[in-house]
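Fold and contact review
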Amino acid sequence: MEFAELIKTPRVDNVVLHRPFYPAVEGTLCLTGHHLILSSRQDNTEELWHLHSNIDAIDKRFVGSLGTIIIKCKDFRIIQLDIPGMEECLNIASSIEALSTLDSITLMYPFFYRPMFEVIEDGWHSFLPEQEFELYSSATSEWRLSYVNKEFAVCPSYPPIVTVPKSIDDEALRKVATFRHGGRFPVLSYYHKKNGMVIMRSGQPLTGTNGRRCKEDEKLINATLRAGKRGYIIDTRSLNVAQQARAKGGGFEQEAHYPQWRRIHKSIERYHILQESLIKLVEACNDQTHNMDRWLSKLEASNWLTHIKEILTAACLAAQCIDREGASVLIHGTEGTDSTLQVTSLAQIILEPRSRTIRGFEALIEREWLQAGHPFQQRCAQSAYCNTKQKWEAPVFLLFLDCVWQILRQFPCSFEFNENFLIMLFEHAYASQFGTFLGNNESERCKLKLQQKTMSLWSWVNQPGELSKFTNPLFEANNLVIWPSVAPQSLPLWEGIFLRWNRSSKYLDEAYEEMVNIIEYNKELQAKVNILRRQLAELETENGMQESP
Amino acid sequence: MQPSDDVSPTPEPQASWTPLLRARRAALKWAQKSVPGVRGVAGCGPSAQKWPGPRDFLACGQVHKRRPRILMREGGTWGRARAAAPEARYRAVGRADTPRAAGTVKWEVEQVKLLDRFSTSNKSLTGTLYLTATHLLFIDSHQKETWILHHHIASVEKLALTTSGCPLVIQCKNFRTVHFIVPRERDCHDIYNSLLQLSKQAKYEDLYAFSYNPKQNDSERLQGWQLIDLAEEYKRMGVPNSHWQLSDANRDYKICETYPRELYVPRIASKPIIVGSSKFRSKGRFPVLSYYHQDKELNAMANRAAGKGYENEDNYSNIRFQFVGIENIHVMRSSLQKLLEVNGTKGLSVNDFYSGLESSGWLRHIKAVMDAAIFLAKAITVENASVLVHCSDGWDRTSQVCSLGSLLLDSYYRTIKGFMVLIEKDWISFGHKFSERCGHLDGDPKEVSPVFTQFLECVWHLTEQFPQAFEFSEAFLLQIHEHIHSCQFGNFLGNCQKEREELKLKEKTYSLWPFLLEDQKKYLNPLYSSKSHRFTVLEPNTISFNFKFWRNMYHQFDRTLHPRQSVFNIIMNMNEQNEQLEKDIKDLESKIKQRKNKQTDGILTKELLHSVHPESPTLKTSLCFKEQTLLPVNDALRTIEGSSLADNRYSEYAEEFSKSEPAVVSLEYGVARMTC
């Protein structure tokens, strides 16, 4: 077993664990291939069962022979272990370091995890593209499923099955793929049943400096327009950045070649800028000594909420084009795997009531993030405490979840899920026992045989017992398009994520419970009234029958 | 001088900017001469029964703030009103050439545009602007009304003429900002001048409270004033007792003009000691009891006093000194001003919002007040120490800290009634200068300061951290804030008890509290748990990240910035529904029992069959429940200020977007919006 080589000291006694809002616990620390376990010897229950892959960074320090390891987690939590013995401490630290940064995906926990629950519904088959397509196909015959990418040959980051205009054949799709970044030809992202307008997404067009064009590409996206109608192209880069991209072979749609389309640039930041923003924000939240001015200036300097506002604004704009202007939209940035997906998925949250239900939201994540090829493995490799600056790490998905939370906060009754659902998804995207967020695209997941070798997150989440934790008691289906406010006054810090480990939520939790109780009680009373009413009605008819001869 | 003149419902606008002092002297003189009980409310109140038309109703100044909609209906529709006077596109009645007849709208200007405060596309509503003796009223083409009380107006600004008309920007003390465009400059100028005069009264007697008539008789009014009884409150605290006694030293306001008559002092404090102490303290504000904490075997006390400078430590041997840096009223005033400038900016960016929030210092001040109150509460509970709180005069920062400290210590003050008592005790009776701080009269602008607003904001922050500890909700705080400025009730008029007595407020005006108490359903916190927090001392967390911008206060009228669905209202409704359901269940159960009994007795009556409706009212409630929850706070007292019940966001959007092919698509501040 390879893990054994990495674990020099599997067990240390008299370790003291410090966590926010819990009293310190003394116990025995055990290291396994995937977990760090601490149990106090008194009652033999584990006080801590911590996944190595959730570790973002560790610090160690010594006072005499007493070592201290500070573990900083990807979910922003910080725990401290006091370990007697310098050697033990060094061994534990180096083991944790090695085990939390395993190179091979197949060594990760999901490949070893054996579920303790009975799988009722296999999450790997919960949201198949064919089923999703059926939801549209009753309303339109203008679209078809294409299997052109069956072997991942046309576009390595696309799933095997995509939805494209019916009038465009696979041959044309192959040509278009050569004209779009990463082979990401325009595909259907969302069909607005109300007026038949669509959101499509793609990679940037590879126009280069000499203004290359592709007739098939023009034909493809024009095929989505109704006669005499115009569409909008939302480029998630600034005009400047888009222009610069031409030097590297990329570019944007020229007006001359796409006369029926109006291009709008809505700049959304990417990569290290977002990662740095997260690092700064978490740092600001963790420092409890900041005075008011310093806190506010740090919060501002992190730019996190600026990113939130930018992303939401672009999503509102896309939704607006669809619902208010009755125009179809094509969305892309450079690769079409990050900001593009933030915009397409949030626009759906705004427009589509289904995406605000639990299953609908799961389907949205499956469609617009996992199958659409958001590189989770790269983006979520490190979190707020990382000090190695890799270009590909970025909290793109967390920003999306934060934006969803902002809309949820403004429309607290329109979502079937609650804040805990979003927090859970954040946790699992960064470290999980399930295989759902492993790999960077469907092609990689296929090679890893995740479906056969790991458990899907949805298999676990969609059990009734688990679902109840994530269900919003206030939910009342709302079929309207929901327009959020994007004013800074309306976009607060997501305390449930960023202050989660920095302050006690006891009173807030109690209040939430009380709210749930009131709602539950209401349901109970309603049910009881109905039963009594029926009972009375029955008695009356009985009496009536007895009375009439 | 006839008292009836002074309380005339349509006071002649005072052109001169009478200094406050003169106003007060005049008020005192008038009060001495006036005969109690003789008050003219000519042509108002009772005449409401025979509505000649809405215009009359408006002008009589008896706008019944609490039920405007019902009164409107009695008076007929506005459309009819206009038909009755078709020539009145623009009228100026009630001017010098016209008799000051009650029963007229002073101004009426049609085709006025109301701009959306944050819209960059100059989106507007067109309607008619009416000026009455007490309110400025705008009715848009959807019959949505925006009422602005003259006393709420903090500033009126006439901007440079534009092609569409003359812009008029009105900023209110309740943080409403309205931006009108008046087609003709002359009209705009007239409105501007009238508002300047009407919003700045020189005499107390010209304030709304002296003409406001909620149709109660004298005994009802007096009862209202007796609702909050401070003697009762001191008894509740446990004084007088072996340490503390009631002192009659200030019975005639001789020792301290700004203290109430009845004061509690230590038993050992003889009159000479009190007199000596008062000479040593600023404005004679010697240390008196503010709150007596009954706890364990040791009794700890918080008291208040004033002093310029501070005590020489050598002379106070067993006393520890703690300086908490709460800034003075001038700093607070400019801080709020900066805050309002920032949050009123169109197209505000996140960075500008936070840097503005930081540079305004507002949250820093809120935190400082909170920290001081926590220090006080801890000293009393943890160290079992008594605390003397003072600032320079002892009616601003001292009031903030004492009242907030009491709120942390004593769960009684976290109830609706208790909170009223707290305000009466620590703010009103101990001489917080409400009239000066709120600028009720045309006085020294340097005396205006949001000291009480800060207190309310601190309480709001507590309600955010302890969602179950308060019997009241945010709506209660907002309503109180509304009325410290409205001058509609007598409670907050004047600057100290002595002045209030001289103004004979209890005879001539009404107390706010019974009205709030009567409506308390609207202000209840549905999650309040009286048991769990009953005896606990609140220990709020004051790490900076706990302090947030109070959007519902500073943007209370900017509905587009708010959550579209209110959890609070839903839970509130559900609580009410639950009560109804419980009743229904009892009803049904007794009916079933009755049925069964009758069945066994073999006695059947047809009557009973008819007594039960197939569709009970509860069923109906549950059906329309969802609809109700989407509406904004159903708050009649506030409705008059503009948030109409028909204010359904979705239709608002629909209207906004039903526009033809756009040339440019842009996203605006606040809400996603398309421009042409």
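Residues numbered from 1 in each chain as written. Chains lettered and ligands numbered in written order. Predicted model: local features only at pLDDT ≥ 70, side-chain atom pairs only at ≥ 80, totals over all residues. Heavy atoms only, no water.

What about the overall build of chain A?
Rule in force here: Secondary structure elements follow DSSP: runs of H or I no shorter than four residues count as helices, runs of E no shorter than two count as strands, and numbering proceeds from the N terminus. All radius of gyration figures rest on C-alpha atoms, and the globule criterion is 2.2 Å times the number of residues raised to 0.38. Per-residue accessibility, obtained with a 1.4 Å probe over protein chains only, is compared with the maximum for each type, and a residue is labelled buried under 20%, exposed over 50%, and partly exposed between these values. Residue contacts are counted whenever heavy atoms from the two residues lie within 4.5 Å of one another. For the accessible areas, the method is Shrake-Rupley and the probe is 1.4 Å, while residue cover comes only from the protein chains on display. By the counting scheme adopted, Arg and Lys are positive, Glu and Asp are negative, and His together with the chain ends is not counted. Lysine's charge is taken at NZ, arginine's at CZ, aspartate's at CG and glutamate's at CD.
The secondary structure content of chain A amounts to 20 helices and 14 strands. Its C-alpha atoms give chain A a radius of gyration of 26 Å, near enough to 24 Å, the size a compact globule of 549 residues would have. For chain A, the C-alpha atoms occupy an extent of roughly 95 × 75 × 50 Å along the three principal directions. Relative to its full complement of 549 residues, chain A shows a buried share of 60%. Taking the contacts inside chain A whose residues are at least 6 apart along the sequence as the reference set, 70% of them involve residues at least 24 apart. For chain A, the accessible area works out to roughly 21600 Å², and carbon and sulfur atoms hold 51% of it. The positive charge centre, built from 59 side chains, and the negative charge centre, built from 67, are 8 Å apart in chain A.

Some remarks on the overall build of chain B
Within chain B, the secondary structure is distributed over 26 helices and 13 strands. Burial statistics for chain B: of 676 residues in total, 57% are counted as buried. A separation of at least 24 residues holds for 70% of the contacts in chain B among residues at least 6 apart in sequence. Total accessible area on chain B is roughly 28100 Å²; 52% of this is exposed by carbon and sulfur atoms.

Considering the UniProt feature "domain: Myotubularin phosphatase" (unreviewed entry) in chain A
What counts, and what does not: UniProt positions are given in the numbering used here, feature names are shortened, and annotations may be inferred rather than shown by experiment.
This chain's UniProt record puts "domain: Myotubularin phosphatase" (unreviewed entry) on residues 123-498 of chain A. Annotated as 44% helix and 9% strand, the span residues 123-498 of chain A places its first and last C-alpha atoms 29 Å apart.

As for the side chain of His483(B)
Spelled out, the test is: Polar contacts, as used here, are pairs of N or O atoms within 3.5 Å; protein pairs need one atom able to donate a hydrogen and one able to accept it. Residues neighboring in sequence count only if both atoms are side-chain atoms.
Tracing the backbone shows His483(B) in helix 17 (residues 474-486). Here the side chain of His483(B) touches Gln479(B) through a polar contact of 3.1 Å, side chain to side chain.

Section: the sheet that holds strand 12 (residues 231-235) of chain A
Residue and element names in this part refer to chain A. For clarity, the threshold we go by: A pair of strands is labelled paired if DSSP reports no fewer than 2 bridges between them. Lines fitted to C-alpha atoms define the axes here, with helix axes fitted over just the stretch in contact, and angles between the N-to-C directions of these axes take values from 0 to 180 degrees.
Ordered by their spatial adjacency, 5 strands build an open sheet running 10-11-14-12-13, and the pairing between neighbours is mixed. Where the open sheet ends on each side, the last strands, each with one partner, are strand 10 (187-192) and strand 13 (261-265). For this sheet the average axis-to-axis angle between neighbouring strands, irrespective of direction, equals 20°. When strand 12 meets strand 13, the two strands line up parallel, connected through 5 bridges. Considered in strand 13, the bridge of Ile-234 is made with Ile-264.

With respect to the interface of chain B and chain A
Test applied: When two parts are brought into contact, each loses some accessible area as probed by a 1.4 Å sphere; the total of that loss over both is the buried area. Think of a salt bridge as a Lys or Arg side-chain nitrogen and an Asp or Glu carboxyl oxygen that are within 4 Å of each other. Residues are sorted three ways: Asp, Glu, Lys and Arg are charged, Ala, Val, Leu, Ile, Met, Phe, Trp, Tyr, Cys and Pro are nonpolar, and all the rest, Gly among them, are polar.
Listed by partner, the interface residues are 83 residues for chain B and 78 residues for chain A. For the pair chain B and chain A, the summed buried surface comes to about 7200 Å²; carbon and sulfur atoms form 63% of the total. One can count 3 salt bridges joining chain B with chain A. For Glu495(A), the salt bridge is made with Lys548(B), and the minimal N-O distance between the two is 3.8 Å. Our enumeration of links across chain B and chain A arrives at 18 residue pairs in polar contact (both at pLDDT 80 or more). Looking at the side of chain B that touches chain A, the elements with two or more residues in it are helix 11 (350-360), helix 12 (362-381), helix 16 (451-465), helix 22 (567-601), helix 23 (606-611), helix 24 (617-630) and helix 26 (649-657) of chain B. The greatest single-element share of the side of chain B that touches chain A, amounting to 18 residues, is contributed by helix 22 of chain B. When its residues are assigned to classes, the side of chain B that touches chain A shows 43 nonpolar, 22 polar and 18 charged.

Some points on the nonpolar core
For the record, the criterion: Only buried Ala, Val, Leu, Ile, Met, Phe, Trp, Tyr and Cys residues count toward a nonpolar core, and they belong to the same one when joined by side-chain atoms within 4.5 Å.
By size, the foremost hydrophobic cluster in this structure holds 236 residues, and its most contacted members are Phe76(A), Phe185(A), Phe361(A), Leu425(A), Phe498(A) and Phe419(B). When residues no more than four places from it in sequence are discounted, the contact partners of Phe361(A) are Ile349(A), Arg354(A), Ser355(A), Phe400(A), Leu401(A), Val404(A), Phe417(A), Phe421(A), Leu422(A) and Leu425(A). Counting 26 residues, the second largest nonpolar core, distinct from the first, contains Val15(A), Cys89(A), Leu99(A) and Leu107(A).

Side note on the UniProt feature "active site" (unreviewed entry) in chain B
Residue and element names in this part refer to chain B. Here, UniProt's "active site" (unreviewed entry) annotation points to Cys-391. Inspection of the secondary structure assignment puts Cys-391 in the loop between strand 13 (387-389) and helix 13 (397-409). Assessed through its relative accessible area of 13%, Cys-391 is described here as buried.

Side note on the domain arrangement of chain A
All names here are of chain A. Quick note on the threshold: Residue ranges for the domains trace back to a domain assignment, done automatically or taken from a database.
One can read the domain layout of chain A as domain 1 (4-102), domain 2 (129-503) and domain 3 (507-540). The C-alpha-based centres of domain 1 and domain 2 are spaced at 37 Å. Across the contact, 14 residues belong to domain 1 and 23 residues belong to domain 2. Of the roughly 1400 Å² buried where domain 1 meets domain 2, counting both sides, 66% is carbon and sulfur surface. On the domain 1 side of the contact with domain 2, Asp-56, Lys-74 and Phe-76 bury the most area, a combined 48% of that side's loss. Put simply, domain 1 and domain 2 have 0 salt bridges between them. Applying the counting criterion to the domain 1 and domain 2 interface returns 9 residue pairs in polar contact (both at pLDDT 80 or more). For the side of domain 1 that touches domain 2, the secondary-structure elements that each account for two or more residues are strand 5 (55-63) and strand 6 (66-73). Residue classes in the side of domain 1 that touches domain 2 are distributed as 7 nonpolar, 2 polar and 5 charged.

Overview of the pattern of salt bridges
In the structure shown here, the tally under the stated rule is 48 salt bridges over all chains. For Glu495(A), the salt bridge goes to Arg503(A), with nearest N and O atoms at 2.8 Å. Residue Asp371(B) pairs with Lys367(B) through a salt bridge whose shortest N-O separation is 3.2 Å. Of this pair, Asp371(B) and Lys367(B) both sit in helix 12, 4 residues apart, which is roughly one turn of that helix.

Some remarks on the pairing of strand 8 (residues 143-146) of chain A
Residues and elements named next belong to chain A. Along strand 8, one buried face is formed by Trp-143 and Leu-145 and the opposite face, lined by Arg-144 and Ser-146, is buried too. Taken together, the 4 bridges between strand 8 and strand 9 (residues 162-165) define a ladder with antiparallel strand orientation. For Arg-144, the partnering residue across the bridge sits in strand 9 and is Val-164.

Section: helix 17 of chain B
Residues and elements named next belong to chain B. Operational definition: What a helix is expected to span follows from its residue count: subtract one and scale by 1.5 Å.
For helix 17, which comprises 13 residues, the first-to-last C-alpha distance of 18 Å matches the rise-based estimate of 18 Å (1.5 Å per residue) to within 8%. Of all the 13 residues making up helix 17, 12 are buried; the element is thus mostly covered by neighbouring parts of the structure. Taken residue by residue, helix 17 has Ala-475, Phe-476, Leu-477, Leu-478, Gln-479, Ile-480, His-481, Glu-482, His-483, Ile-484, His-485 and Ser-486 as its buried positions. Of the residues trailing helix 17, Cys-487 is marked for its positive phi of about 55°.

Digging into the environment of Lys506(B)
All names here are of chain B. Locating Lys-506 in the fold gives a position in helix 19 (residues 505-508). Since its relative accessible area comes to 49%, Lys-506 is described here as partly exposed. Sequence spacing of Lys-506 and Leu-516 is 10 residues, and the spatial spacing of their C-alpha atoms is 17 Å.

Points about the packing of helix 13 (residues 396-410) of chain A against helix 14 (residues 419-430) of chain A
Residue and element names in this part refer to chain A. We apply this condition: The scheme is simple: roughly parallel for angles under 35 degrees, roughly antiparallel for over 145, roughly perpendicular for 65 to 115, oblique for anything else.
Viewed as axis vectors pointing N to C, helix 13 and helix 14 meet at an angle of 180°, and their least axial separation amounts to 10 Å. Judged by the inter-axis angle, helix 13 sits roughly antiparallel to helix 14. For the pair formed by helix 13 and helix 14, the contact residues are Phe-397, Leu-398, Leu-401, Val-404, Trp-405 and Leu-408 on the first element and Glu-419, Leu-422, Leu-425, Phe-426 and Ala-429 on the second. Residue classes in the contact of helix 13 with helix 14 are distributed as 10 nonpolar, no polar and 1 charged.

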